[in-house]
Amino acid sequence: MLKLLAEHRRPVLIALRVVLFVGTAIGLYWALKPVPPASSVHFRDKVEHFICFYLLTATALAAYPKARAVILVLVLAVFGAAIEGLQALPVIGRDAEFLDWVADIAGVLTALLPALALPPVRRALEP
């Protein structure tokens, strides 16, 4: 399978980058869309943050195999913080929570750890 991925690396990377862009846009939309008061359970909200950032990180790692992991972590951490900053704006009508950002970071780190443990897979996707 890795050989197949290596042979078709460029189209695979392009597809993964499109998926990452669309996923990021969807995540941003869901984070900023108006929510009726008390519509979500507090714990479920943290799980949603975790899953969103886990998936974004996993996709980013696959889409940018040469990227340094620390850069991806920083970019996604800033993205999560930016979402919370935007949610704090009265015009958005959402509540910013520090624990949402913590859940974002937990999702990033959880996705990152296996990727760091599997460098042969990342190397197989490199040119």
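Notes on the structure in this doc start here. Within every chain, residues take consecutive numbers counted from 1 along the sequence as written. Only residues with pLDDT of 70 or above have their local features reported here, since the model is predicted, and side-chain atom pairs are shown and tallied only from 80 upward, although totals for entire chains, interfaces and linings are computed over all residues. With hydrogens and water excluded, all non-hydrogen atoms of the structure serve as input to the side-chain values.

What about the packing of helix α2 (residues 9–32) against helix α4 (residues 69–87)?
What describes two packed helices is the angle between their axes and the distance between those same axes.
Argument step 1. Following both chains from N to C, one finds α2 and α4 inclined at 30 degrees, their axes separated by 10 Å at the closest point. By the angle between their directions, the pair α2 and α4 is classed as roughly parallel. Viewed along their axes, α2 and α4 form a crossing whose handedness is right-handed. For the pair α2 and α4, contact is made by Thr 24, Leu 28, Ala 31 and Leu 32 and by Phe 79, Ile 83, Leu 86 and Gln 87, respectively. With axes taken as lines fitted to C-alpha atoms, and helix axes fitted only over the stretch in contact, angles between N-to-C directions fall between 0 and 180 degrees. Secondary structure elements follow DSSP: runs of H or I no shorter than four residues count as helices, runs of E no shorter than two count as strands, and numbering proceeds from the N terminus. Roughly parallel refers to an angle under 35 degrees, roughly antiparallel to one over 145, roughly perpendicular to one between 65 and 115, and oblique to any angle outside these ranges. Crossing handedness: left-handed means the near helix sits turned counterclockwise from the far one by under a right angle, and right-handed means the same turn made clockwise. Contacts were defined at the residue level, with two residues in contact if any of their heavy atoms lie within 4.5 Å.

Remarks on the side chain of Asp 104
Argument step 1. Structurally, Asp 104 can be placed in helix α5 (residues 98–117).
Argument step 2. No salt bridge is formed by the buried Asp 104; its nearest oppositely charged neighbour, Lys 46, is found at 8.8 Å.
Argument step 3. With near-sequence residues (within four places) excluded, Asp 104 lies in contact with His 49, Phe 53 and Gly 80. Each residue is placed in one exposure class: buried if its accessible area under a 1.4 Å probe, protein chains only, is under 20% of its type's maximum, exposed if it is over 50%, and partly exposed if it falls in between. Asp and Glu count as negative and Lys and Arg as positive, but His and the ends of the chain are not part of the count. Salt bridges, as used here, are contacts in which a Lys or Arg side-chain nitrogen is within 4 Å of a carboxyl oxygen on Asp or Glu.

What about the packing of α4 against α5?
Argument step 1. Viewed as axis vectors pointing N to C, α4 and α5 meet at an angle of 160 degrees, and their least axial separation amounts to 9 Å. In this view, α4 runs roughly antiparallel relative to α5, as classed from their interaxial angle. Handedness of the crossing formed by α4 with α5: right-handed. Residues Ala 69, Val 73, Leu 76, Ala 77, Gly 80, Ala 81, Glu 84 and Gln 87 of α4 form the contact with α5, whose own contacting residues are Asp 100, Trp 101, Asp 104, Ile 105, Val 108, Leu 112 and Leu 116.
Argument step 2. Across the contact of α4 with α5, the residue classes tally to 10 nonpolar, two polar and three charged. Just so you know the grouping, Ala, Val, Leu, Ile, Met, Phe, Trp, Tyr, Cys and Pro go in nonpolar, Asp, Glu, Lys and Arg go in charged, and all remaining residues, Gly too, go in polar.

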